[in-house]
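# Remarks on the overall topology
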Amino acid sequence: MKRILVTGGAGFLGSHLCDQLVARGHEVLCVDNFFTGRKENITHLNSHPLFEFMRHDITFPLYVEVDEIYNLACPASPIHYQFDPVQTTKTSVHGAINMLGLAKRVKAKILQASTSEVYGDPEVHPQPESYWGRVNPTGVRSCYDEGKRCAETLFFDYWRQHQLRIKVMRIFNTYGPRMHPNDGRVVSNFIVQALRGDDITIYGDGLQTRSFCYVDDLISAMIQIMDTPDNFTGPINIGNPTEFTIMALAKSVLELTGSKSRLIFKPLPSDDPRQRQPDIALAKKMLGWTPSVPLREGLERTIAYFEQRFARGPRL
Ligand SMILES: NC(=O)c1ccc[n+]([C@@H]2O[C@H](COP(=O)([O-])OP(=O)(O)OC[C@H]3O[C@@H](n4cnc5c(N)ncnc54)[C@H](O)[C@@H]3O)[C@@H](O)[C@H]2O)c1
């Protein structure tokens, strides 16, 4: 049994990670400031003897004794990370410094939830880990993209300078139950709009492509990465390389929900990448990992989750 700290543990990915770690018999300390996370994501864990929650903002230092740290705390959707961009950068950068400092003090292994956004609007397709990215340093997405890039730099400097055991995971679009219903991310957006019978908003012409990874696939890769040998640092891409156009996604959601919603088109937000697809050759080689949940099945499970939430009451 290990003592494991999960920052951002009340969020979408973090709460699934806490579930998986507790199920494997580890002691989990979940830390979150509830900026985008929600109590209901972890309510079912509160009475579990291996689970503990602490309300804390990782831009402030934290003193706890743990063996491993999964650093997930950071708003992940443009609506949320652009709400207070300075705080977003602080969470990525000061948060990384605080968590790396903690890992150094207690000699813990630490994993960073980085992002495909470090590639920016890429000229290389699909993106291998060796690609350095094309990121606008002054745009509205920069607080997130550059914050995450700086966090990666800090991880690698702590590794070089202090021989810390680090793992950097670059996460591509992931979806599933417990996504925030109002965060503007495309899968949750489409499902919520379809279930409400509202118009489905497509930004741009809908021909831009995305690859969507189901949350269970992502979390099992995350735990596998933490368990890799100490000489493996990453960065390592994790995502589903199967590409879909946004239009195809909208049509699948309409079909699976049986919704009569109309598709409407709005201009693309600035800096929105046209294409994003992970090259997962390294994940295949290093972890023997490939995603196993097809989009249709993942959408069905996610739609079922949102239907249940709707059924519980109007508070989405
Ligand atoms: N979901 C994806 O598709 C995706 C893709 C790439 C990267 N990621 C990364 O994975 C991580 C988790 O993303 P998610 O989709 O679960 O997002 P989320 O917004 O659901 O979760 C983030 C969690 O961090 C918490 N948080 C934010 N700032 C904090 C702070 N200063 N101190 C403590 N807690 C704080 C939030 O309250 C929330 O619970 C993020 O770091 C994100 O950048 C996610």
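Each remark here, short or long, concerns the structure printed above.
Treat the numbers as computed from the prediction; the structure is a model and nothing was measured.

Cut-offs and rules
- Residues numbered from 1 in each chain as written.
- Predicted model: local features only at pLDDT ≥ 70, side-chain atom pairs only at ≥ 80, totals over all residues.
- Heavy atoms only, no water.
- Helix = DSSP H or I, 4+ residues; strand = E, 2+ residues; numbered from the N terminus.
- Rg over C-alpha atoms; globule rule 2.2 N^0.38 Å.
- Buried < 20%, exposed > 50% of the residue type's maximum accessible area, 1.4 Å probe, protein only.
- Lys, Arg positive; Asp, Glu negative; His and termini not counted.
- Charge placed at Lys NZ, Arg CZ, Asp CG, Glu CD.
- Expected span 1.5 Å × (residues − 1).
- Contact = heavy atoms within 4.5 Å.
- Pairing = 2+ DSSP bridges.
- Axes fitted to C-alpha atoms, helices over the stretch in contact; angles between N-to-C directions.
- Parallel < 35°, antiparallel > 145°, perpendicular 65-115°, else oblique.
- Left-handed = near helix turned anticlockwise from the far one by under 90°.
- Nonpolar A, V, L, I, M, F, W, Y, C, P; charged D, E, K, R; others polar.
- Arc of directions from axis to C-beta.
- Salt bridge = Lys/Arg side-chain N within 4 Å of Asp/Glu carboxyl O.

## Here we look at the overall build of the protein chain
Each helix and strand counted, the protein chain has 9 helices and 13 strands in total. For the protein chain, whose C-alpha radius of gyration is 19 Å, the value lies close to the compact-globule estimate of 20 Å for 316 residues. Along the longest, intermediate and shortest principal axes, the C-alpha atoms of the protein chain span 55 × 45 × 40 Å. Counting every position in the protein chain, which comprises 316 residues, the buried fraction comes to 57%. With 36 positive and 34 negative side-chain charges, the protein chain shows a separation of 1 Å between the mean positions of the two kinds.

## Describing helix α7 (residues 246–257)
Its 12 residues give α7 an end-to-end C-alpha distance of 17 Å, which sits within 8% of 16 Å, the value for a rise of 1.5 Å per residue. What α7 keeps buried is the set Ile246, Met247, Leu249, Ala250, Ser252, Val253, Leu254 and Thr257. Looking at the buried positions of α7, the neighbouring elements they touch are α5 (186–196), β8 (200–203), β9 (209–211), β12 (243–245), β13 (263–266) and α9 (295–312). Just beyond α7, the residue with positive phi is glycine 258, at close to 65°.

## A closer look at the sheet that holds strand β3 (residues 51–55)
The strand order across the open sheet formed by 7 strands is β3-β2-β1-β4-β5-β6-β11, and the pairing between neighbours is parallel. At either end of the open sheet lies a strand with only one pairing partner, and these are β3 and β11 (236–238). Along the sheet, successive strands turn relative to each other by an average axial angle of 20°, direction set aside. When strand β2 (residues 27–32) meets β3, the two strands line up parallel, connected through 5 bridges. Bridge pairing links valine 28 to phenylalanine 51 in β3. Docked against the sheet, helix α3 (residues 85–106) engages β1 (3–7), β4 (68–71) and β5 (109–115), running at close to 170° with respect to β4.

## Structural notes on the environment of lysine 39
Looking at the secondary structure, you find lysine 39 in the loop between β2 and β3. Sequence-wise, lysine 39 and arginine 276 are 237 residues apart; in three dimensions their C-alpha atoms are separated by 32 Å. Once residues lying within four places of it in the same chain are set aside, the contact partners of lysine 39 are Phe34 and Arg55.

## Here we look at the packing of α5 against α7
Between α5 and α7, the shortest axis-to-axis distance is 10 Å and the interhelical angle comes to 40°. Judged by the angle between their axes, α5 and α7 are oblique. The hand of the α5/α7 crossing is right-handed. Along its contact with α5, which presents Val186, Val187, Phe190, Ile191, Ala194 and Leu195, the element α7 presents Ile246, Leu249, Ala250, Val253 and Thr257. Across the contact of α5 with α7, the residue classes tally to 10 nonpolar, 1 polar and no charged.

## Concerning α9
Along its 18 residues, α9 runs 26 Å from first to last C-alpha, staying within 8% of the 26 Å computed at 1.5 Å per residue. Turning to α9, its buried residues are Leu295, Gly298, Leu299, Thr302, Ile303, Tyr305, Phe306 and Arg309. When α9 is viewed along its axis, its buried side chains cluster within an angular range of 160° and face the same direction. Looking at α9, the residues exposed on the side facing more than 90 degrees away from the buried face are Gln308, Ala311 and Arg312. Contacts from the buried residues of α9 go to β7 (174–175), α5, β10 (213–214), β12 and α7.

## Section: the pattern of salt bridges
Under the defined criterion, the tally for this structure stands at 17 salt bridges. Close ionic contact of glutamate 123 with arginine 134 constitutes a salt bridge, the shortest N to O distance being 4.0 Å. Of this pair, glutamate 123 sits in the loop between β5 and α4 (142–162) while arginine 134 sits in the loop between β5 and α4, and the two are 11 residues apart along the sequence. Between aspartate 216 and arginine 301 there is a salt bridge, with the nearest N and O atoms lying 3.3 Å from each other. Of this pair, aspartate 216 sits in helix α6 (residues 215–226) while arginine 301 sits in helix α9, and the two are 85 residues apart along the sequence. Judged by relative accessible area, which is 32%, arginine 301 ranks as partly exposed.

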